[in-house]
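What follows is the residue order along each chain.
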Number of protein chains: 2
Amino acid sequence: MAPLVPPATLGRLVTYLRVLTELGAAGTERVSSDELGERAGTSAFQVRKDLATCGRFGTRGSGYSVATLDRELRRVLGLTREWPVAIVGMGRLGQALADYPNFGEFDFVLRGAFDVDPEKVGMAAGSLVVRHLRELPAAVRDEGIQMAFLTVPASAAQDAADELVAAGVRGILNFAPSVIHVSDGVRVEGVDFLGGLQRLSFALGGQLTLASRQVDPMA
Amino acid sequence: MAPLVPPATLGRLVTYLRVLTELGAAGTERVSSDELGERAGTSAFQVRKDLATCGRFGTRGSGYSVATLDRELRRVLGLTREWPVAIVGMGRLGQALADYPNFGEFDFVLRGAFDVDPEKVGMAAGSLVVRHLRELPAAVRDEGIQMAFLTVPASAAQDAADELVAAGVRGILNFAPSVIHVSDGVRVEGVDFLGGLQRLSFALGGQLTLASRQVDPMA
DNA sequence: ATATGTGAATTGATTCACAGCG
DNA sequence: CGCTGTGAATCAATTCACATAT
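Think of each chain on its own: its residues are numbered from 1, step by step along the sequence as written. Labels follow written order: the first chain is A, the first ligand is 1, and so on. Reporting in this predicted model follows two pLDDT cut-offs: at least 70 for local features of residues, and 80 or more for side-chain atom pairs to be given and counted; totals over whole chains, interfaces and linings ignore these cut-offs and use all residues. The side-chain numbers reported here are obtained from all heavy atoms of the structure, hydrogens and water having been left aside.

S.K.: Would you take a moment to explain the overall build of chain A for this structure?
M.R.: Strands are runs of DSSP state E lasting at least 2 residues, helices are runs of H or I lasting at least 4, and numbering of each runs from the N terminus. Within chain A, the regular secondary structure consists of 8 helices and 11 strands. Considered along the principal axes of its C-alpha atoms, chain A spans approximately 60 × 60 × 35 Å. For chain A, with 219 residues in total, the buried portion stands at 49%. Note on contacts: a residue pair is in contact if any heavy atoms of the two residues lie within 4.5 Å. Restricting the contact set of chain A to residue pairs at least 6 apart, pairs at least 24 apart contribute 56%. By element, 53% of the accessible surface of chain A is carried by carbon and sulfur atoms, the whole surface being about 10100 Å². Here the positive residues are Lys and Arg and the negative ones are Asp and Glu; neither His nor the chain ends is included. Note on charges: their place is set at NZ of Lys, CZ of Arg, CG of Asp or CD of Glu. On chain A, the mean spot of the 22 positive side-chain charges and the mean spot of the 25 negative ones are 7 Å from each other. Accessible area is worked out with a 1.4 Å probe on protein chains only. A residue is then buried under 20% of its type maximum, exposed over 50%, and partly exposed in between. Values of accessible area rely on a 1.4 Å probe in the Shrake-Rupley scheme; residue burial ignores everything except the protein chains shown.

Spelled out as C-alpha cells, the structure:
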C-alpha cells in the first residue's frame, strides 16, 4: 500500500495542528477551511484535500471544531503518547537542545544525552548527565527510546547514525549538513539550516545568473 | 516565467554540492550521475534531470568533473559572493548560532545580532555585540544585510518578521515553530525541528491508527 | 445559505528509454 | 563502448467545480 498520507500533506498537517493550537489558545471554537488555509499559508482546497486523507472531521455549513480537529490531528500524527528522545552529540547544538525547556508541551521527553568525547561524558545537560555512546543500546532497550537528535559534526554523522540504527532507534532527526544512509524501516528527517541559507542564496540572487552559459566540463 | 529551478530540485542541488565538496576533499576528480545519485540518496536519472535544469556540465562517456560541477553549482546557487547575515533573537538558539564557527566555509558572514530585551543588548555574541532591534534598519542599509536568522519565540515571530521586512531584509530563515506571512519578494525558509519530530512521530506510529474511524465533528 | 468532501482536470515531478556525444 | 542529456510516459500533487450535508 502507498503511504496513507503523502509526504507533502504530512508537513502541512503539522502546520495545521500548530494553527489550531494558536486558535485554541485564543479561545476560537470553530474554523473554516478558508481561514485555516489562510493562516497556514495555503489554500482552502488544499486544507480540505489534506484533511480528507485521514478522515472526515468537519461539518458542512459550519466548518471544523478547533478542539476536535486538534485532537484528531494529534491522533493521526501519533501525538497521543509520550515519545522518549535521546541526543547524540553534545556539542553546542546538542547542549542547546538539552536545555530546551518545553518538549513536554509537544509530547516529547528527553531521556538520554550521549557523546564519545571523554571530556563531555559526565557533564550535566539540562536535567540529564551525558553518557558515553556505548551505553546507547542499553538505554534504547531499557528506556524505550525510539527517536534521536543527531547533533554530531558532519564528518561523524554516518558513523553515529550506524550506531543509532544498531541500537534500535527507528527515527533520526539529522541536524548535520550531510546525507546519511540507514536501513529500511528507519526514518530520517533533516533539520538543515545551512541548506536553508543556500536555498535563500539561490532565491535572492542565484537565479539571475543565466543557466545557459556553456562550460568546458573537462576544465 | 516559472521558476528556473523547481523547488524540489533546488533542495537536491544543495545536497549534490555537499557531496561534491566531500568528494573534492577526498581527492576524487570525476563522478558519474550514478555515484552522485547513490551518495545523495536519489537516482542517477534524477541527478541528470536536476542538473539539466541549470546547464550542461558533464562529459558523455566520462561523467562530471568534481571541481567544475562544484563551481557551477555554487554559481547557480549564488554562492560566489559573500552574504552578510543578521540574527534576530538572542536566546539560547541565537547565541548558539552566533558561536557557530564556520559560516565562512559557506560564504555567509555574521554581521549583526539583535534583540529587544535590554538585558541582552550590549552582551557579546560570538565576535559581535548585541544591538537593539531598532538599529536593524540602519544595519541593513549600511552593512548590506539581506538575510536574517529569525530565532525569537513563536509568539514574537510574526512581529519580528514584520520588522525584518520593513528594514529591507529579503530572505528569512525562520527557526520558530510558526507560520510567518511576508510581502511578495521576501523569501522564507523554515528550519523546524519540532515539526521534524512530529513527522517522525507519524512515521513511527501515527499511521497505524486507522484513518477510517468516523468522529462526531460537533464534539 | 453555507462550507465541507470528493471526483475530474490540470499541473508538476519523477521515471524511463534511448538518442547523441565523446 | 559508456555515460550524459532529453523527449516521452508515468506517477503524484494541486486546483477546481459541484454535489452533498447541516
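S.K.: Mind showing me how you'd approach the environment of Thr-42 of chain A here?
M.R.: Here Thr-42 of chain A shows up in the loop between helix H2 (33-40) and helix H3 (44-52). Leave out the neighbours within four places in its chain, and Thr-42 of chain A touches Arg-12, Tyr-16, Gly-37 and Val-47 of chain A.

S.K.: How should I be thinking about the packing of helix H1 (residues 7-25) of chain A against H2 of chain A in this particular structure?
M.R.: Two quantities define a packed helix pair, namely the angle between the axes and the distance from one axis to the other. Residue and element names in this part refer to chain A. Note on definitions: angles span 0 to 180 degrees between N-to-C directions of axes, and those axes are lines fitted to C-alpha atoms, for helices only across the stretch in contact. Packing of H1 against H2 leaves a shortest axis separation of 10 Å and a crossing angle of 105°. Considering their axes alone, H1 and H2 lie roughly perpendicular with respect to each other. Judged by residue contacts, Thr-15, Tyr-16, Val-19 and Leu-23 of H1 engage Glu-35, Leu-36, Arg-39 and Ala-40 from H2. The residue makeup of the contact of H1 with H2, split by class, is 5 nonpolar, 1 polar and 2 charged. Convention used here: angles under 35 degrees read as roughly parallel, angles over 145 as roughly antiparallel, angles from 65 to 115 as roughly perpendicular, and any remaining angle as oblique. Charged residues are taken to be Asp, Glu, Lys and Arg, nonpolar residues to be Ala, Val, Leu, Ile, Met, Phe, Trp, Tyr, Cys and Pro, and polar residues to be all remaining types, Gly included.

S.K.: What is the right way to look at the sheet that holds strand S9 (residues 147-150) of chain B in this model?
M.R.: The strands that make up a sheet are held in pairs by hydrogen bonds between backbone atoms, and each pair lies either parallel or antiparallel. Two strands pair if DSSP finds at least two bridges between them. Taken in spatial order, the 6 strands line up as S8-S5-S4-S9-S10-S11 (chain B) in an open sheet, and their pairing is parallel. The outermost strands of the open sheet, each flanked by one partner alone, are strand S8 (131-132) and strand S11 (187-190) of chain B. Pairing of strand S4 (residues 83-88) of chain B with strand S5 (residues 108-115) of chain B involves 6 bridges; the strand directions are parallel. Looking across to S5 of chain B, one finds that Val-85 of chain B is bridged to Leu-110 of chain B. The sheet contacts of helix H8 (residues 193-204) of chain A involve S4, S5, S9, strand S10 (171-174) and S11 of chain B, and relative to S10 of chain B the element is tilted by about 160°. Its contacts with the sheet place helix H7 (residues 154-167) of chain B against S4, S9 and S10 of chain B, and it is angled at close to 170° to S9 of chain B.

S.K.: Which parts of the structure should I look at to understand the environment of Val-169 of chain B?
M.R.: All names here are of chain B. Inspection of the secondary structure assignment puts Val-169 in the loop between H7 and S10. Look at Val-169 and you get buried, because its relative accessible area is 2%. In this structure the C-alpha to C-alpha distance between Val-169 and Lys-49, which are 120 residues apart in sequence, comes to 33 Å. In this structure, Val-169 is in contact with Val-140, Ile-145, Gln-146, Met-147, Ala-148, Leu-164 and Val-186, ignoring residues within four places of it in sequence.

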